[in-house]
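If you want the building blocks of each chain, they are given just below.
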Amino acid sequence: MITLWHYLAVAAALFGIGLVGFLTRRNLIVMFLCAEMMLQAVGINLVAFARYHGNLHGQVFVMFIVAVAACEAGVALALFLMLYRRGKSLDSADWAAIREVGVPPASDADPLPTEPVTAEPQLAPAGVRPVQPANEEAARV
Amino acid sequence: MTLFSLTPTQNAAGQIGLAAVLAVVGFALLLPNPKGRRVREGVAALLGSVAVFGAWLYSAYGRPMPDLVGTVLFGLFSAGALGFGTVLVVQKNPARGAIAFAFVILSTCGLFLLLAAPFLVAATIIIYAGAIIVTFLFVLMLSHQDGPSDENDRSREPWLGGLAGFAFTGLVLFTLFLSHEAAAPAEAGDQPRAGQRLPAVVLTDAERQRLTEALAKLDATDDELAGDLTKHREDRIAHFASVRDAVAEVVGSEGAAPGPRYGTLPTRLEKTPALDGKPAVLYREDAQARATLARAAAVRDLNGRAFDTLQNTLLAKNPDAAAAKADYAKLRDEVLLLTGAGQLPARNVGNLGYLLYTDHLLAVELAGTLLLVATIGAIAIAQRKRESAE
């Protein structure tokens, strides 16, 4: 039998992965997805407890989690849109100016890798008259 | 796994710690880094972490083999959720991350389905399908696709972040281990553990097994009572006596005082039995435990009565099996219902709706208000100011 404990352990691991993603990633949209993943892990816990107790109250809790996640999605995406308009970037480190007083600013030591820029292919311009040899008379049709 | 003759608790702590350390190493190597990622080493560390985690689950909570289909599905869905979650975290491209998130949602929906929550599966898929598509639109609208960028190709403190996350997970798992009574046997010099246990289940697996065996025998009632009833009396009575004893082992026999014949189910659930008209005091004071005990009492009465009827029928001169058959058909139905006590039925969508609009009506209203406020908030935040527009 798969027991309650198996589900709790898997939910804890999923929550941990989401937490690591939220702490380490800098793209606001990825951070938002990691937060949603943590909510899903909590939902697994609640549904597993509902099954264990043989009642439906845990499932009702998960419905409210889904409602709160929908609110969060709406507000968060509106916020990202506003931040993007101001900073033209989704990098959360761009907003380090609102950090706590006395905390030194974090700086990125390593330069970003530069991808080799390949020249875009150029087509020969169309519609140019071919050069005619000087001694040849143009054919008259 | 007892290389160093450790106690089970130390062994579990070692396994969880090793899994957490390997996961930290794997994530730190795989997270986006301007110096380049080390994919092969990172994946190897993560696979090692998953192997140790699985070994711990196996050794701590037993081998879940009897239910093969359920075990395979559970393994598939949980591996899918954890694997695609890892891809979401370490993937540089946010669009691919959103696709991985969609698979995380599908995997958790599979787990919901295994846990008898069909409505939540449908609701989650519908809501997150919309959410993921909107997120996708945002990614396409806002992210730069030209070359490396700060937000996608850098991580914030991969080692410290991984350590924080997985230290937390390891502690949660270790607490789970300590709170599980079967997995943490008494050890020499071990202090009795303080804390509150989970309420007991109304029907244990062993009891359910006994009742299922009795059910199999009850299903053969018609065969046992076929033919000339004046023959094979002893065999027939022995068959029904075995049914009576199997059921009585769980629910007790009629008129029994607290003791060995009282039945394992009432003994486990009742703190003090009903005496002199006073109701019993239960370990679990909820409707489910009360209903299970009432059903067990009904089964107990019916069990004794049906056997008496059968014995009288078989010992009569002109036996007529109709009354005994009717009693045993009723007993079979009651035992079947008792066997399902404490189990969540898979078809529970209607009950969920009933519960939402009776017990949780205020919460439903509050959730609706919250959604309205969030909508207004989203519009207010995203609105372009007139000065900036001009």
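Residues numbered from 1 in each chain as written. Chains lettered and ligands numbered in written order. Predicted model: local features only at pLDDT ≥ 70, side-chain atom pairs only at ≥ 80, totals over all residues.

With that settled, consider the overall build of chain A. Summing up its helical and strand segments, chain A has 3 helices and 0 strands in all. Written out in order from the N terminus, the α and β elements of chain A read α-α-α. The C-alpha extent of chain A, read off along each of the three principal axes, is 100 × 50 × 30 Å. Within the span of chain A, comprising 141 residues, buried residues form 43% of the whole. Partitioning the intrachain contacts of chain A with sequence separation of at least 6 by distance along the chain shows that 44% fall at a separation of at least 24. (Helix = DSSP H or I, 4+ residues; strand = E, 2+ residues; numbered from the N terminus. Buried ≥ 20, exposed ≤ 12 C-beta atoms within 10 Å, placed from the backbone. Contact = placed C-beta atoms within 7 Å.)

Looking now at the overall build of chain B. A tally of regular secondary structure across chain B gives 16 helices and 2 strands. Residues classed as buried in chain B amount to 32% of the 390 residues present. Within chain B, contacts between residues at least 6 apart in sequence are counted, and of these 67% link residues at least 24 apart.

A few words on the nonpolar core. The tendency in soluble globular proteins is for nonpolar side chains to be buried as a group. Within the largest apolar cluster, 93 residues are counted, with the highest numbers of intra-cluster contacts made by A:Ala11, A:Leu14, A:Ile29, A:Leu33, A:Val47 and B:Phe27. Once you skip the residues sitting within four places of it in the chain, A:Ala11 turns out to touch A:Ala41, A:Ile44 and A:Asn45. Of all hydrophobic cores here, the second largest spans 31 residues; its members include B:Ala214, B:Val243, B:Ala289 and B:Ala321. (Core = buried A, V, L, I, M, F, W, Y, C linked by C-beta atoms within 7 Å.)

Our focus in this paragraph is the interface of chain A and chain B. Tallying the contact residues gives 67 residues for chain A and 86 residues for chain B. Put simply, the parts of the chain that give the side of chain A that touches chain B at least two residues each are α1 (4-24), α2 (28-53) and α3 (57-87) of chain A. In terms of residues, the side of chain A that touches chain B owes the most to one element, α3(A), which gives 19 residues. Its residues assigned to classes, the side of chain A that touches chain B comprises 47 nonpolar, 13 polar and 7 charged. (Nonpolar A, V, L, I, M, F, W, Y, C, P; charged D, E, K, R; others polar.)

Once that is clear, we can look at the environment of A:Glu72. Relative to the assigned elements, A:Glu72 resides in helix α3. Sequence separation between A:Glu72 and A:Pro125 is 53 residues; the distance between their C-alpha atoms is 53 Å.

When pLDDT is averaged along chain A, the result is 87, and 96% of the positions lie at 70 or above. Ranking the helices and strands of chain A by mean pLDDT puts α1(A) first, with 94, and α3(A) last, with 91. (pLDDT = per-residue confidence, 0-100.)

Relative to each other, α2(A) and helix α5 (residues 118-142) of chain B sit at 175°, their axes nearing to 12 Å. Classed by the angle they form, the pair α2(A) and α5(B) counts as roughly antiparallel. Here α2(A) contributes A:Ile29, A:Leu33 and A:Val47 to the contact with α5(B), which in turn contributes B:Leu120, B:Thr135, B:Phe138 and B:Val139. Grouping the constituent residues of the contact of α2(A) with α5(B) by class yields 6 nonpolar, 1 polar and no charged. (Axes fitted to C-alpha atoms, helices over the stretch in contact; angles between N-to-C directions. Parallel < 35°, antiparallel > 145°, perpendicular 65-115°, else oblique.)

Attention shifts here to the domain arrangement of chain B. Once the domains are mapped, chain B shows domain 1 (8-179), domain 2 (205-339) and domain 3 (349-384). Distance from the C-alpha centre of domain 1 of chain B to the C-alpha centre of domain 2 of chain B: 49 Å. (Domains from an automatic or database assignment.)

Once that is clear, we can look at the confidence of the model for chain B. Low-confidence regions, as indicated by low pLDDT, have predicted coordinates that should not be scrutinised in detail. All names here are of chain B. The predicted model of chain B averages 83 in pLDDT, with 89% of residues at 70 or higher. Within chain B, helix α16 (residues 386-389) has the poorest average pLDDT of any element, 57, and helix α15 (residues 361-382) the best, 94. Taken over the whole predicted complex, pTM reads 0.76, whereas the ipTM for its chain interfaces reads 0.82.

Residues and elements named next belong to chain B. With 29 residues, helix α12 (residues 287-315) ought to run about 42 Å at 1.5 Å a step, and its terminal C-alpha atoms sit 42 Å apart, in line with that. Of the positions making up α12, those classed as buried are Ala289, Thr292, Leu293, Ala296, Val299, Arg300, Leu302, Asn303, Ala306, Phe307, Leu310 and Thr313. Here the buried face of α12 lies against α10 (233-251), α11 (264-269), β2 (281-282) and α13 (322-339). (Expected span 1.5 Å × (residues − 1).)

So, about the environment of A:Thr3. Residue and element names in this part refer to chain A. Its location among the elements puts Thr3 in the segment before α1. We classify Thr3 as partly exposed; it has 16 C-beta atoms within 10 Å. Remark: the alpha-carbon pair of Thr3 and Tyr52, spanning 49 residues in sequence, is separated by 8.5 Å.

One non-glycine residue, A:Lys88, lies in the positive phi region at around 55°. Here A:Lys88 is to be found in the segment after α3. With 11 C-beta atoms counted inside 10 Å, the residue A:Lys88 sits in the exposed group. Backbone geometry places B:Ala116, a non-glycine residue, at a positive phi of 65°. Position of B:Ala116 relative to the elements: it lies in the loop between α4 (94-114) and α5. C-beta crowding within 10 Å serves as the criterion here: with 19 such atoms nearby, B:Ala116 is assigned to the partly exposed category.

This paragraph deals with the packing of α3(A) against α15(B). Describing two packed helices takes the angle between their axes plus the distance from one axis to the other. Between α3(A) and α15(B), whose axes approach to 8 Å, the crossing angle comes to 5°. When the interaxial angle is binned, α3(A) and α15(B) end up roughly parallel. Contacts between α3(A) and α15(B) involve A:Phe64, A:Ala67, A:Ala70, A:Cys71, A:Gly74, A:Val75, A:Ala78, A:Leu79, A:Leu81 and A:Met82 from the former and B:Ala363, B:Ala367, B:Leu370, B:Leu371, B:Ala374, B:Thr375, B:Gly377, B:Ala378, B:Ile381 and B:Ala382 from the latter. The residue inventory of the contact of α3(A) with α15(B), partitioned by class, reads 17 nonpolar, 3 polar and no charged.

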